[in-house]
Each structure stands twice: as structure tokens, then as C-alpha cells.
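A structural walkthrough
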Amino acid sequence: MKPLDEIQKRLLSEVAGLHAIPEGAYNIRANGTSAGRASTANIEIIPREDGKGLTIKVKPGTKNESIHIPVVMTQSGLKEVVYNDFYIGEGADVFIVAGCGIDNCGPQDSEHDGIHRFYVGKGAKVRYVEKHYGSGDGRGKRILNPGTEVYQEEDSSVEMEMVQIKGVDDTNRVTKAELAKGARLVVRERLMTHGDQKALSTYTVEMNGEGSSSDVVSRSVARDNSYQKFDAVLTGNAPCTGHTECDAIIMDNGRILAVPGLEANDVDAALVHEAAIGKIAGDQIIKLMTLGLTESEAEEQIVNGFLK
Amino acid sequence: MLELKNISFQVAGEKGDDRIEIVRNVSLTIPDEKLIVITGPNGGGKSTLARLIMGIEKPTSGQILYNGEDITELSVTERARRGIGFAFQQPVRFKGIEVFDLIRLATGTKLSVKDACQYLSAVGLCARDYINREVSGSLSGGELKRIEIATVLAKKPQLAVFDEPEAGIDLWSFQNLIEVFEGMRANIQGSSILIISHQERILSIADEIVVIRDGQLALHGPKEEILPTLLGTDSAVPDCKMGTVTKGETAE
Ligand SMILES: Nc1ncnc2c1ncn2[C@@H]1O[C@H](COP(=O)(O)OP(=O)(O)OP(=O)(O)O)[C@@H](O)[C@H]1O
Ligand SMILES: [Mg+2]
């Protein structure tokens, strides 16, 4: 295990808020290899034999423990596909911090495709935070394609926060979830694209059990010549409630396509979608200008607040 | 000192070709260390005049001087930086920006939460409950209005313009609001205050009163002179039949 260099440390603090070795279970992946790993009495992190990912097992009833599994890449031209499987035992309550930071100063594209699968046991609770960040001024792109699959058993609850604010050139995010009786899924996505970046985000949520609920909300900003597509389909196969929302700001020549979809296959499925795309409201800019900000400072504050 | 010289403001009519004059040839001086209240019938052009002063709208003709400098062509930002502050009649809502952020931006400093709270307390809000709230639709109309006033207090402008600060504020807090303005009046050294209002209580703390009607300056003089004439009239819009709504028109 190699010690982290300064750039890797900076990426680590951007994506996982880590300045030191985290408490609890963790695995830090740097340039394709593990730079540190620890299991705890209740949480076991097992590397896959092919080196491409982890199996993470959380014992039933584990309470208030955290798992950090950040990934940092600083080597230009590196391409990897990583599979992480989470088995969350019945009644457990855990906080998971994932995320990937890429610094690419070289001419070749760097790409990390992280496939995360969650098997969430009865009554278990998961809070999941995933941040993506890119830096470096090389010609090579920083590409992240996260795939997330969530299988929720009865009365389980999953809250996911996905943030990608800076520096990732190309993203294709695919998230799938299946919910059993009484299961609850909450997703909060915050996304900003600039330059010529492209970001696609697709959600398919199937509510299969009575009383299940899902709430998928995306707030995003597309600036410069960037492009985003938000595609969220909620399917209600049982009495359930679902809500999806895309709230987006476009600036410069940014483009956004929002395709919210709802499918109700049960008469007691109550599904709602909302989508709003537009530039920053003129009166918001004017209000901040009356406080002495310039137009661009005002825009910056409004965008920062919106994505907070 | 702010001087409006022959200010007119036109907008394109609905048909596109005709022009409607909303402000007509208004000349008015806001002297230093005075509290001026502008009043007049709805739709008379008061808010438009305030927006012209702040630079949100530019006059079609006329000139605006601030402390002797021609600011007619200056942006909102430049006017704000020269010391003009403005509380909107209808406060703006944001997503994600918190009350604290707005007050901090208004002061232009790295403000502590404790210092920010004092401006909220001044407008009668329990600071602790509001400082981290989003300035969004989740706040009530009256709450937003008070936060709007707090941002102007925090900015400590040399010329503070308030557009109907009392609107939506409950009776109990109205007294508190009057005290805020009385306090500002007592410490007016080096600054001036312009309030647009329909309230007698606010008119009665003015040094001077201005009446704007049909886009024109109808009356202007010391409070002692103007206030009695206002309280004497039965109707602010005498040439309109009150209490009837003709077919095809809607009441406001
Ligand atoms: N941009 C605009 N385009 C067309 N008409 C406008 C515009 N702005 C204002 N007006 C009209 O100009 C008139 C004056 O409006 P203004 O808001 O200044 O009135 P006010 O005196 O502030 O009224 P109130 O007491 O109701 O606040 C109104 O008839 C209004 O409808
Ligand atoms: Mg008005």
C-alpha cells in the first residue's frame, strides 16, 4: 500500500471530506489499487479476487456505523470498472460515503465506472453520499459512469445524496431501484456542468410493495455549452406514492432535457412529477445587485445557493 | 442628496405601437437628513419612480443626480455601491439562499451570525428561528417582507428607499416597524430616507410628503402642510365612480 500524495489527499477531501484516516470501516482506492483498508467487528470489507472492487457486509442490527470507500485517480489514461456490492443486514443503520475524484493533467482520458449494488435487508436504514469531482488541465477527459442498483426489502429506507459540481467531463449515471412493502427511497441529486461537459442521469424506480414510497429530486445547473439529460421513470406496481422533480437552471448556451416518466399499474399508486427549467429569475439578480453585487457575482451566489 | 430632473418613463403599450407614459416629467429633490414619504393612489407610478431611482428601470428622458453626480446611466450595482438601498414592494424569493446569506451579502462583510441576528431582531423576528431559513416560498408574506427590510437595514445605505414596508405586516408588528423608522430618523445624520406608503402613521413621521398621481407630482411640501389636505379628501381618485365595477373591468 502506497502512501497518498498531495493531489490525492486534496481529491480525498473534496469527495469524502476526509483529511485523515476515517473512523469505522473504510477502503481508499488510489490509481487502481488499495491505499488503505479496515473492517470493523460489524462491517467486513472483502476485496474481490479479480481486484476490481469490494464486497461489503454489514451485520444485522449494526447501528450508527460508517463506511468510507472513496476513489482517487491521478494517473492520466487510467480506465477502470469497479464493482462494489453492499449487503446490509436486517435492522442495520449505516452511513456510507463513496465518491470519486479524478485529477487528469495528461493527454489521455481517465475513466472510472463504479457499479454499486445495494442489498438492503428488512427494516435497515442506509444514508449514502456520493460526490464526484474532477480537476487538472490536461487534454484528457475525466469520465465517470456510476451505476447504482438498489434492492430494498420490507420497511427499509435508503437516502442517497449524489453531488457532481465540478470538473467531470462526461457522466452517464444509471440508477435502478426495486422497493418491497413499506420501503422508502429518497434521492437528492445536485449537478453542475460547464464547458463542453455532458451529463446523463437515468433513474428507474419500481415500487413493488404496498406502502412503498420514492422521492427523486434533481437540482441542476448547465452553463457554457454543456448538456444534461435527466430521465426519471417511477413505476407503481402496488399502492404506493412516488414523486420526481427536476429543477434546473440554464445559463449561457447550456441545454437540458428533462424526461420525467410515470407508470401506474395499480389504481392506488399515486405518482407525481414536476419539472422546471429556466434561466435565473431576473428579479433575483436585481435584488442582489441592489445589495452591491455585480451581475456575475449575483449569478454565482444564486447558483451556489441553489446547489447547496 | 438625490435630484430627479424632469424624469419621464414610457413603456410600450399592449398593441406594441403606442407608448404609455407611467411617469411624467417628475422633478423632485430628496434632501439630506430628511425622511420623505411618497403616497398616492394605486397605479400612480410610485414603485416605478423608486425603481428608476435604484436603476432597475432607466428613464426615457430626464436626469438623476446623486450627491451632484449624474447617475442616470449607472447600473443598479454602481448605485448600490454609491449608497442607495432599496426594499422591494414584493420581496424576491430564492431557492437555497438563506436569510443569513442575504444579510451577509447586504453588509458586504464577513458577518458573524450574532451580528446578523441583530438586524432580524430589529424587524421583530426571533432571529434564532429565521437565520438559517431559506428565503423561499416557505416563508410567509409578512416574514419575507420583514427580512427584506432587514437586508436594507444591514446595508446601512446613505439613501434608503422602502416601497410599502408596512404591506402584509400585522397590526402588532406595525408599531415595531414605526419604531424602526423612528430610530432611523433619529440617527439620520449623513443619510436620507424615502418611504412609499399609504399609512397615516408613516406619513405622520415624515418631514416632507409627496403625492404622485397619474405619474405626475401632484403635491409636495412639509408634512404639516400636506397631511391635513390628504386626510380631508374623501377619495384619492375623485374622477372615478367608486364602488361600482363596470362590465368588462375587474376590481383590483
Ligand atoms: N413594465 C410595465 N409595463 C406596463 N405597465 C406598467 C409597467 N410597470 C408599471 N406599469 C403600470 O404603471 C402604473 C404605475 O405602476 P406602479 O407600480 O409604479 O404604481 P404604484 O403607484 O406603485 O401603485 P401601488 O400603490 O398599487 O403599489 C400601473 O398602472 C402599472 O400597471
Ligand atoms: Mg407600488
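An account of the accompanying structure is given in this report.

Scoring rules and cut-offs
- Residues numbered from 1 in each chain as written.
- Chains lettered and ligands numbered in written order.
- Predicted model: local features only at pLDDT ≥ 70, side-chain atom pairs only at ≥ 80, totals over all residues.
- Heavy atoms only, no water.
- 1 Å grid on protein atoms, 1.4 Å probe; cavity = no way out; pocket = protein on both sides within 12 Å on 5 of 7 lines; lining within 4 Å.
- Points joined across faces, edges and corners; volume = space filled by probe spheres on them.
- Helix = DSSP H or I, 4+ residues; strand = E, 2+ residues; numbered from the N terminus.
- Nonpolar A, V, L, I, M, F, W, Y, C, P; charged D, E, K, R; others polar.
- Near = heavy atom within 4 Å.
- Polar contact = N/O pair within 3.5 Å; in protein donor to acceptor, adjacent residues only side chain to side chain.
- Areas by Shrake-Rupley, 256 points an atom, 1.4 Å probe, with all protein chains shown as cover.
- Pairing = 2+ DSSP bridges.
- Axes fitted to C-alpha atoms, helices over the stretch in contact; angles between N-to-C directions.
- Contact = heavy atoms within 4.5 Å.

**Describing the layout of surface pockets**
Residue and element names in this part refer to chain B. Considering only enclosed or pocket space, the second largest pocket measures out at about 290 Å³ in volume. Lining the second largest pocket are 14 residues, with V152, L153, K156, P157 and M184 positioned closest to its centre. Counting residues per element, the ones that place at least two in the lining of the second largest pocket are helix 4 (113–122), helix 6 (141–155), helix 7 (171–186) and strand 8 (192–196). Partitioning the lining of the second largest pocket into residue classes produces nine nonpolar, four polar and one charged.

**Quick word on the site of ligand 1**
All names here are of chain B. As a structural note, the neighbourhood of ligand 1 is formed by 13 residues, with N42, G43, K46, S47 and T48 the closest of them. G43 places a main-chain nitrogen or oxygen 2.8 Å from an oxygen atom of ligand 1. At 2.9 Å, a backbone N or O of G45 approaches an oxygen atom of ligand 1. Isolated, ligand 1 exposes 640 Å² of accessible area, and the fraction of that covered by the protein chains is 59%. Of all the elements, helix 1 (residues 46–54) adds the most residues to the shell around ligand 1, at three residues.

**Regarding the sheet that holds strand 7 (residues 159–163) of chain B**
Residue and element names in this part refer to chain B. If you walk across this open sheet you meet the six strands as 6-7-8-3-9-10, and the pairing is mixed. The open sheet has two free edges, formed respectively by strand 6 (84–87) and strand 10 (216–222), since each of these has just one partner strand. Put simply, the sheet's adjacent strands are angled 15 degrees from each other on average, direction ignored. In terms of strand pairing, strand 9 (residues 208–213) meets strand 10 through six bridges, oriented antiparallel. Bridge pairing in strand 10 links E208 to P222.

**Thoughts on the side chain of A:T290**
Its place among the elements puts A:T290 in helix 2 (residues 282–290). A polar side-chain atom of A:T290 sits 2.6 Å from the main-chain carbonyl oxygen of A:K287. Not counting the four nearest positions on each side in its chain, A:T290 is found in contact with B:M54, B:V76, B:A80, B:I84, B:F86, B:F88 and B:K155.

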